[in-house]
Amino acid sequence: MGPLQGLRVIEMAGIGPGPFCAMLLADMGAEVWRVERREGPPGSRRDVMGRGRRSIALDLKHPAATRAVLRLVERADALIEGFRPGVMERLGLGPDVCLARNPRLAYGRMTGWGQTGPLAPLAGHDINYIAITGALDAIGTKDQPVPPLNLVGDFGGGGMLLAMGLMAAMLHAARTGQGQVIDAAMSDGAAQLMAPIYGMKGTGRWSAPRGGNMLDGGAPYYGVYRCGCGGFLAVGPLEPQFFAEFLRRLELPEGEFADRLKPELWPALHARFAAVFLTRTRDAWAAIFDGSDACVAPVLTMEEAPTHPHNQARGTFFEREGITQPAPAPRFSATPSSPGAPARLRGEDSRAILEESGFTATEIAELLEQPPA
């Protein structure tokens, strides 16, 4: 199932954006083999990002294990690794070695800072990567930036960027027979996600400090409002026709808001809307705006989101092993994606993968039964 059926990917087990990228590819039908360390926790079938692929556990401190991974690489279309620069080279699995074995390989490298630059060898997390791109400074309240979970750097600017890079490299390899290295940095990806905001800044449409622009909570018609019950509404009627509908549903006169585009009036208009929304509960307002083009939606909790009628109609979430999780996306008309099997335990498929890859019983015993280095 899925448009990537027939492609094989080797995933060097890691955390965050690497596994997320592997999950995306597996959801779309790629056969993903996850190479894990032999020692460590057994894993869990409830690991959402571990779904849809098989697990082989090897001790990469042993030369025989390194040679085994290279044999797997020979039959792969892509490889994903998320270590600091130089780690794969020290393991004997750097891009030069792997591409020598498989010249068509798309070798994907996922790091925070990239393979080059003064920060490349240093540790970091999502919050650090988005900090140097201007993304973190643009998100938050007037008083201070607010981390947008770890979605902008790790997953949007990291895992999704790597997935796109791998697909482009595999397409190139299919046409030319030439593999290559994909240097995917979360800091680069976060900067790319800021392209429209930098565009607005360059044309003078993003000139105020944080909290004073149209899309950062400054505009009274694009933000979040507290309701009488303590819940929140997301309000975003930017266009005139949507704003007009918004006012009709609120039963407010349009003339009162004729100058809504003037930033100097925004604080007063924001206070006006805030007072109105406090008069009803979130769900009462959601019912008032239901079925309209007013661009208003209830801010749902993670417990509530899967039960929303739109999400239920599209099957946006599903439950497995007692865990509610997002379904594969995007949707394909001819080759529908599937979340595949639940996450495998560490090394659960080691013997089967090695047998399928042509390893002899003696080689398998050496790899799986040798004492840790």
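See the structure shown above.
Here we summarise the structure given alongside this text. Position numbers for residues start from 1 in each chain and track the written sequence from start to end. Side-chain atom pairs in this predicted model are given and counted only at pLDDT of 80 or more, local residue features only at pLDDT of at least 70, and totals for whole chains, interfaces and linings cover all residues. To get the side-chain values, all heavy atoms of the structure are used, and hydrogens and water are removed first.

## Here's the deal with the sheet that holds strand E4 (residues 78-81)
Argument step 1. Reading across the sheet, the 6 strands line up as E3-E2-E1-E4-E5-E6 and stay open at both edges, with parallel pairing between neighbours. Each edge of the sheet is formed by a strand with only one pairing partner; in this case those strands are strand E3 (54-58) and strand E6 (180-185). Across the sheet, the axes of successive neighbouring strands diverge by a mean angle of 20°, strand direction being ignored.
Argument step 2. Here a strand pair is declared whenever DSSP counts at least two bridges between the two strands. Put simply, DSSP marks the helices as runs of H or I at least four residues long and the strands as runs of E at least two long, and each gets a number from the N terminus on. In this sheet, E4 lies alongside strand E1 (residues 8-12) in parallel orientation, the contact comprising 3 bridges. Bridge pairing in E4 links Ile10 to Leu79.
Argument step 3. Packing of helix H8 (residues 186-193) onto the sheet brings it into contact with strand E5 (106-111) and E6, and relative to E6 it is tilted by some 70°. Think of each axis as a best-fit line through the C-alpha atoms, taken over the contacting stretch in the case of a helix, with angles from 0 to 180 degrees between the N-to-C directions. Residues are treated as being in contact if the distance between any of their heavy atoms lies within 4.5 Å.

## Regarding the nonpolar core
Argument step 1. Definition used in this section: a nonpolar core is a set of buried Ala, Val, Leu, Ile, Met, Phe, Trp, Tyr and Cys residues joined via side-chain atoms within 4.5 Å. Only protein chains enter the accessibility calculation, which uses a 1.4 Å probe; a residue is then buried when its area is under 20% of its type maximum, exposed when over 50%, and partly exposed in between. Formed by 29 residues in total, the largest nonpolar core has its most connected members in Ile10, Met12, Leu58, Val69, Leu79, Leu105 and Leu367.
Argument step 2. Elements with a contribution of two residues or more to this core: E1, strand E2 (31-37), E3, helix H2 (63-74), helix H4 (95-101), helix H14 (350-356) and helix H15 (361-369).
Argument step 3. Ranked by residues supplied to this core, first place goes to H2 with 7 residues.
Argument step 4. When near neighbours in sequence (up to four residues on either side) are disregarded, Met12 contacts Val35, Leu60, Val69, Leu79, Ile80, Glu81, Phe83, Met88 and Leu93.
Argument step 5. Within the second largest apolar cluster, 27 residues are counted, among which are Ile80, Ala106, Met110 and Met170.

## Some points on the pairing of strand E8 (residues 232-235)
Argument step 1. Side chains of E8 alternate between two faces, with Leu233 and Val235 buried and Phe232 and Ala234 left unburied.
Argument step 2. Hairpin connection between strand E7 (residues 223-226) and E8: a loop of 5 residues separates the two successive antiparallel strands, and Gly230 in this loop has a positive phi of roughly 100°.
Argument step 3. In terms of strand pairing, E8 meets strand E9 (residues 296-298) through 3 bridges, oriented antiparallel. Pairing of Leu233 across the sheet is with Pro298, part of E9.

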